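The residues making up each chain are set out below.
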Amino acid sequence: MRWGPCSRIGTPQGRRERTGYTILLHTTCWYVAARVFSKSLFASYTQALEGLRATLDPASCTCPAGAHPTDVDDEYGVEAGVSMLSEAGRAVFAEEYGLEDEELAAFDCEAFLAGLADGAAARMREAHEELFGSVDVSHLDARFLQEHGGIDIVALQEAIRRSREDNTGPVALWSARRWLSGQVPDEERIGLFLSLWMGIAQTYEGLPPSYARDLVPALDTIDADASCEHPRHPWSATTHVDSRCEAVVHLYAPEDDPNTPVPVELSARELRECPAHYAGLAAAPRSPALGRSPPATGIPVPVQRSLNDLSSLM
């Protein structure tokens with residue numbers, strides 16, 4: 001069964017739909033690739049792009065050099081894609097942007113559309129591997145393992161502090177795999193687990209299934225039902241990234257960072273290693289950060305509208 005617009009290519013309306021939906025798929029693929037962790041939606045995008053691409057012959061292009069539309073992205077791309085779906089929409093679009101007939105016709109050029117489809121398909125393939133494939137973080141061993149085999153907790157915390165480098169996810173994944181390996185000395189347990197926790201918590205847009213595959217089992221090693229009679233645990237004294245890093249670094253290198261937000265009465269090893277302390281940490285980052293697609297209200301309105309239009313035809 002052919003995807004909707006592909007079955008109507010022989011009609012003027014089918015060709016209008018081919019142009020409009022190719023532009024929309026191109027324009028919205030960046031958002032899907034970055035924010036939507038759904039294999040079924042990736043499959044639908046791929047199916048639609050392959051179906052459209054099969055109807056396009058780049059060799060048929062007779063456009064003069066430089067005639068193809070440029071910067072068909074963001075809200076302009078969504079507007080262009082939606083407008084191309086109908087004669088009325090095209091007329092309004094041409095009037096709004098002052099397009100001559102030949103300029104409007106360039107949107108239908110099969111070479112132009114093939115380039116958009118190929119680019120979108122390549123991005124979706126790349127993103128599929130990033131989101132659902134295997135992530136190699138073994139290169140981080142050189143940064144986070146010391147010569148004697150111990151873990152450099154301070155280096156982990158320094159990496160987390162540099163969140164602008166988009167390294168919090170890899171730090172969390174490396175920490176999770178080390179945790180699951182069982183090669184964690186008792187004195188490094190809380191530092192490694194806090195690095196895992198912080199790597200997840202500081203990745204504000206969430207981590208994809210390729211990360212959750214190891215992160216969730218690591219969190220699951222903690223007894224979620226653990227309880228205690230302690231009124232507070234050390235981590236409750238930290239409120240933001242810097243204070244959390246200071247608290248962890250102080251544990252492992254107090255001479256380098258003598259300040260800590262953790263008060264003396266909460267600094268006992270018994271409180272740090274309390275099973276209920278671990279349970280609270282393990283429960284906190286799951287829902288917002290691991291393998292979840294953003295809510296519909298978090299999707300830019302033009303993108304959401306085009307996704308709705310596309311999904312009705314996929």
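Residues numbered from 1 in each chain as written. Predicted model: local features only at pLDDT ≥ 70, side-chain atom pairs only at ≥ 80, totals over all residues. Heavy atoms only, no water.

### Overview of the layout of surface pockets
- The calculated volume of the second largest pocket comes to roughly 170 Å³.
- Mapped by element, the contributors of at least two residues to the lining of the second largest pocket are helix 10 (189-201) and helix 12 (241-252).
- No other element matches the 4 residues that helix 12 contributes to the lining of the second largest pocket.
- Split into classes, the residues belonging to the lining of the second largest pocket amount to 9 nonpolar, 4 polar and 1 charged. (1 Å grid on protein atoms, 1.4 Å probe; cavity = no way out; pocket = protein on both sides within 12 Å on 5 of 7 lines; lining within 4 Å. Points joined across faces, edges and corners; volume = space filled by probe spheres on them. Helix = DSSP H or I, 4+ residues; strand = E, 2+ residues; numbered from the N terminus. Nonpolar A, V, L, I, M, F, W, Y, C, P; charged D, E, K, R; others polar.)

### Description of the packing of aromatic side chains
- A full pass over the atoms with the stated rule returns 12 aromatic pairs.
- Aromatic pair Phe42 and Phe132: ring centres 5.5 Å apart, planes at 90°, arrangement edge-to-face. Taken together, the residues span a long stretch of sequence, with Phe42 in helix 2 (residues 39-53) and Phe132 in helix 6 (residues 110-132) at a distance of 90 residues. Assigned by exposure class, Phe42 and Phe132 land together as buried.
- Taken together through their ring pairs, the aromatic side chains of Tyr76, Phe93, Tyr97, Phe107 and Phe112 make up a single cluster. (Phe/Tyr/Trp six-rings, centres within 6.5 Å; stacked < 30°, edge-to-face > 60°. Buried < 20%, exposed > 50% of the residue type's maximum accessible area, 1.4 Å probe, protein only.)

### Let's talk about the pattern of salt bridges
- The tally for this structure, following the rule as stated, stands at 8 salt bridges.
- With a closest N to O distance of 3.5 Å, Glu110 and Arg18 form a salt bridge. In this pair, Glu110 is assigned in helix 6 and Arg18 in helix 1 (residues 12-35), connecting sequence segments 92 residues apart.
- Residue Asp108 pairs with Arg90 through a salt bridge whose shortest N-O separation is 2.8 Å. With Asp108 in the loop between helix 5 (101-105) and helix 6 and Arg90 in helix 4 (residues 87-97), this residue pair connects regions lying 18 residues apart in the sequence.
- A residue is classified by how much of its surface remains accessible, and Asp108, at 27% relative accessible area, is partly exposed.
- Three or more residues joined by partner-sharing salt bridges are found here, namely Arg123, Glu126 and Glu130. (Salt bridge = Lys/Arg side-chain N within 4 Å of Asp/Glu carboxyl O.)

### Quick word on unusual backbone geometry
- Backbone geometry places Asp71, a non-glycine residue, at a positive phi of 55°.
- You can see Asp71 is positioned in the loop between helix 2 and helix 3 (74-83).
- Of note in the backbone geometry, Asp74 takes a positive phi value of approximately 55° without being a glycine.
- Secondary-structure assignment places Asp74 in helix 3.
- The class for Asp74 is exposed, based on a relative accessible area of 53%.

### Thoughts on the nonpolar core
- Among the nonpolar cores identified, the biggest contains 44 residues, and Phe193 and Leu196 are the most heavily contacted of them.
- For this core, the elements supplying multiple residues, two or more each, are helix 8 (153-161), helix 9 (168-181), helix 10, helix 11 (209-220), helix 12 and helix 14 (275-283).
- Here the element with the most residues in this core is helix 10; it accounts for 8 residues.
- Ignoring any residue separated from it by four or fewer positions in sequence, one finds Phe193 in contact with Trp179, Ala218, Leu219, Ile222, Tyr278, Leu281 and Ala282. (Core = buried A, V, L, I, M, F, W, Y, C linked by side-chain atoms within 4.5 Å. Contact = heavy atoms within 4.5 Å.)

### Structural notes on the confidence of the model for the protein
- With 87% of its residues at a pLDDT of at least 70, the protein reaches an overall mean of 86.
- Per-element mean pLDDT across the protein ranges from 53 in helix 16 (residues 301-311) up to 96 in helix 4. (pLDDT = per-residue confidence, 0-100.)

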